[in-house]
Number of protein chains: 2
Amino acid sequence: MESIKNRRTIRKYQQKDIPEEMLNEMLEISFRASTVGNMQSYSVIVTRDVEMKAKISPAHFDQPMVNQAPVVLTFCADFRRFSRWCEARKAVPGYDNFQSFMNAAIDALLFTQTFCTVAEEKGLGLCYLGTTTYNPKMIIDVLELPKLVFPITTITLGYPDESPEQVDRLPLEAIVHKEYYHDYTASDIDSLYGNKESLDANKKFVEENHKETLAQVFTDIRYTKKVNELTSETLLQAIRYQGFLNE
Amino acid sequence: MESIKNRRTIRKYQQKDIPEEMLNEMLEISFRASTVGNMQSYSVIVTRDVEMKAKISPAHFDQPMVNQAPVVLTFCADFRRFSRWCEARKAVPGYDNFQSFMNAAIDALLFTQTFCTVAEEKGLGLCYLGTTTYNPKMIIDVLELPKLVFPITTITLGYPDESPEQVDRLPLEAIVHKEYYHDYTASDIDSLYGNKESLDANKKFVEENHKETLAQVFTDIRYTKKVNELTSETLLQAIRYQGFLNE
């Protein structure tokens, strides 16, 4: 519980390996996460090889964590294995569709997050790479993912070599709705985002980016409409390419 | 760690309430989960009211947990709040697209799974309702979810009133791939699924359903091609309806 309360994203790692036995033990514990119909429709690709890290790095916009971390884990939605089992057992699989993609993605993410909790409890540090859904096709090619296997998220993992400050979060009332969704008024927004906007780190961020507001740093630089729309298209194409939009 | 190793899905709950303070504390701890760009693009709807549970129950195919649990939590991908903030701060949000839907869904699931770990550590029991993506439109209507808010998963939560056996999981080598994806041969499938198929509970399951193999119970009864295809269509329609496929 304490490791959850105190968690920070770790982007710098010691040059110290994670033994295979330790990694496997953590992965096996994480299989205990809930899974739709106990189908375990996920796989994980373990990257330790220096050349493989270099190959996968561009898919993550060459963020330095990929090459620096001793272990990179790519968590995939996977209906391939289950479908192979069905075919070997006189059963006709019907998992080449978007509902199955979502089921498998949910399965993969519950597994991933459980793994992260276990790893952090053991003193490891990690960073999620949201870039996974921005460049899925590159990852599919490098990791040789067959049809019905799709990379959902990636983490870099190692022993921490930094101790960053914990970042801010919104207050409880920003996230929690009682009984039904209560939409936000302008004054709600002011009070819910007030603390975030007042933080020195965020003020500096606005200044450095030559913007007028913190929100503009997000819309104009970090998560732009243009990139979101471009990658929405390539993401859907990749989902179709992997066989999950059989229309 | 022990609560993760020992976890079971709990479908029967004591008639004992979960105090609001305790629930809020667990939710706040769970905000520490990783979130893309610290946008926290999720919301959670807390259902305690008996009438609201009755209204939402059909969306979950009237599984008895919904009405029986003291608390039902619907976890949503949410770019509504963030977009409202942008609009109030002279910034033009660009989150009405599929990439943003995926980012928000991932955020929501990491938050959900962290919450589940925290709740189980505190002695609570829970059940994921995968039905959420099968009937999203009904949930959207009952919970009055506006555009850019989408129900991703639901859990029922309470103090356990049963202690079921722990269910089987596949062996490590079924899930983990070193460096790149190693496809499964027919003999891999035999050895990876052998234990699952040999279990008395699963043999009984095949018999009760008058099937020849366990896989057929999945393909012909539990997760059929027909239902998957129908709900794939309604799921994509609901994602479009909520404004995440602005084409």
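Residues numbered from 1 in each chain as written. Chains lettered and ligands numbered in written order. Predicted model: local features only at pLDDT ≥ 70, side-chain atom pairs only at ≥ 80, totals over all residues.

To continue, consider the relation of the copies chain B and chain A. Once chain B is rotated about the relating axis by 180° and shifted along it by 0.0 Å, it coincides with chain A to within an RMSD of 0.0 Å. The operation mapping one copy onto its partner corresponds to a two-fold rotation axis. When you check the interface residues of chain B against chain A, 100% turn up at the interface there too, and the contact is symmetric in its surfaces. (Least-squares fit on C-alpha atoms with pLDDT ≥ 70 in both. Contact = placed C-beta atoms within 7 Å.)

On to unusual backbone geometry. Residues and elements named next belong to chain B. Here the phi dihedral of asparagine 38 falls at roughly 55°; this positive angle occurs in a residue that is not glycine. For asparagine 38, the location among the structural elements is in the loop between helix 2 (20-30) and strand 1 (42-47). Asparagine 38 sits in the partly exposed class, given 16 other C-beta atoms within 10 Å. Positive phi values are uncommon outside glycine, yet aspartate 62 reaches one of about 50°. Inspection of the secondary structure puts aspartate 62 in the loop between helix 3 (50-56) and helix 4 (65-68). Taking the C-beta count within 10 Å as the criterion, aspartate 62 has 11 such neighbours and is therefore assigned exposed. (Helix = DSSP H or I, 4+ residues; strand = E, 2+ residues; numbered from the N terminus. Buried ≥ 20, exposed ≤ 12 C-beta atoms within 10 Å, placed from the backbone.)

This part covers the environment of threonine 112 of chain A. Residues and elements named next belong to chain A. Tracing the backbone through its elements, the reader meets threonine 112 in helix 6 (residues 98-121). Looking at threonine 112, the number of C-beta atoms within 10 Å reads 28, which means it is buried. In sequence terms threonine 112 and threonine 234 are 122 residues apart; their C-alpha atoms lie 24 Å from each other. Setting aside its immediate chain neighbours within four residues, threonine 112 contacts Phe75 and Thr153.

Let us now look at the confidence of the model for chain A. Predicted confidence across chain A gives a mean pLDDT of 97, with 100% of residues reaching 70 or more. Across the interface, the model reports ipTM at 0.98; the global pTM reads 0.98. (pLDDT = per-residue confidence, 0-100.)

Quick look at the sheet that holds strand 1 (residues 42-47) of chain A now. Strand-to-strand pairing in sheets goes through backbone hydrogen bonds, with the strands running parallel or antiparallel. Read from one edge to the other, the open sheet built from five strands follows the order 3(A)-4(A)-2(A)-1(A)-5(B), with strand pairing classed as mixed. Each having just a single partner strand, strand 3 (125-129) of chain A together with strand 5 (176-178) of chain B make up the two edges of the open sheet. Taken pair by pair, the neighbouring strands of this sheet meet at an average axis angle of 25°, ignoring direction. The pairing of strand 2 (residues 71-78) of chain A with strand 4 (residues 149-158) of chain A spans eight bridges and is classified as antiparallel. Bridge pairing links alanine 77 of chain A to phenylalanine 150 of chain A in strand 4 of chain A. (Pairing = 2+ DSSP bridges. Axes fitted to C-alpha atoms, helices over the stretch in contact; angles between N-to-C directions.)

For the rest of this paragraph, the subject is the packing of helix 2 (residues 20-30) of chain A against helix 6 of chain A. Residues and elements named next belong to chain A. Relative orientation of the contacting elements helix 2 and helix 6 amounts to 130°, with a least axis distance of 8 Å. Between helix 2 and helix 6, the interaxial angle falls into the category oblique. The chirality of how helix 2 crosses helix 6 is right-handed. Only Phe111, Thr114, Phe115, Val118 and Ala119 of helix 6 make contact with helix 2, whose side of the interface consists of Met26, Leu27, Ile29 and Ser30. When its residues are assigned to classes, the contact of helix 2 with helix 6 shows seven nonpolar, two polar and no charged. (Parallel < 35°, antiparallel > 145°, perpendicular 65-115°, else oblique. Left-handed = near helix turned anticlockwise from the far one by under 90°. Nonpolar A, V, L, I, M, F, W, Y, C, P; charged D, E, K, R; others polar.)

Here we come to the environment of glutamate 25 of chain A. Among the secondary structure elements, glutamate 25 of chain A is positioned in helix 2. Once the C-alpha coordinates of glutamate 25 of chain A and aspartate 62 of chain A are considered, the two residues, 37 residues apart in sequence, prove to be 30 Å apart.

As a further point, take the interface of chain B and chain A. Listed by partner, the interface residues are 93 residues for chain B and 93 residues for chain A. In terms of residues, the side of chain B that touches chain A owes the most to one element, helix 6 (residues 98-121) of chain B, which gives 13 residues. A class-by-class count of the residues in the side of chain B that touches chain A yields 47 nonpolar, 27 polar and 19 charged. With three bridges joining them, strand 5 (residues 176-178) of chain A and strand 1 of chain B adopt parallel strand pairing.

The next thing to look at is the environment of lysine 12 of chain A. Within the secondary structure, lysine 12 of chain A is located in the loop between helix 1 (2-5) and helix 2. Taking the C-alpha atoms as reference, lysine 12 of chain A lies 8.4 Å from tyrosine 159 of chain A; in sequence the two are 147 residues apart.

When helix 11 (residues 214-222) of chain B is considered as a whole, its buried residues turn out to be Leu214, Ala215, Val217, Phe218 and Thr219 of chain B. Taken together, the buried residues of helix 11 of chain B touch helix 5 (80-88) of chain A together with helix 9 (186-198) and helix 10 (200-208) of chain B.

Now for the pairing of strand 3 (residues 125-129) of chain B. All names here are of chain B. In terms of burial, strand 3 is largely enclosed, as five of its five residues are buried. Residue alternation in strand 3 divides its side chains into two sets, Gly125, Cys127 and Leu129 and Leu126 and Tyr128, and both sets are buried. Here strand 3 pairs with strand 4 (residues 149-158) via five bridges, running antiparallel. Its bridge partner lying in strand 4, leucine 126 is registered against leucine 157.

Strand order in the open sheet formed by five strands is 5(A)-1(B)-2(B)-4(B)-3(B), with mixed pairing between adjacent strands. In the strand order of this sheet, the two ends are held by strand 5 of chain A together with strand 3 of chain B, each with one partner. Neighbour-to-neighbour, the strand axes of the sheet open up by a mean angle of 25°, direction not taken into account.

Another point: the packing of helix 6 of chain A against helix 6 of chain B. Running from N to C, helix 6 of chain A and helix 6 of chain B point in directions that differ by 55°, and their axes come no closer than 9 Å. Relative to helix 6 of chain B, the element helix 6 of chain A is oriented oblique. Along this stretch, helix 6 of chain A crosses helix 6 of chain B, giving a crossing that reads as right-handed. Contacts from Ile106, Leu109, Leu110, Gln113, Thr114 and Thr117 of chain A of helix 6 of chain A reach helix 6 of chain B at Ile106, Leu109, Leu110, Gln113, Thr114 and Thr117 of chain B. Residues belonging to the contact of helix 6 of chain A with helix 6 of chain B are distributed by class as follows: six nonpolar, six polar and no charged.

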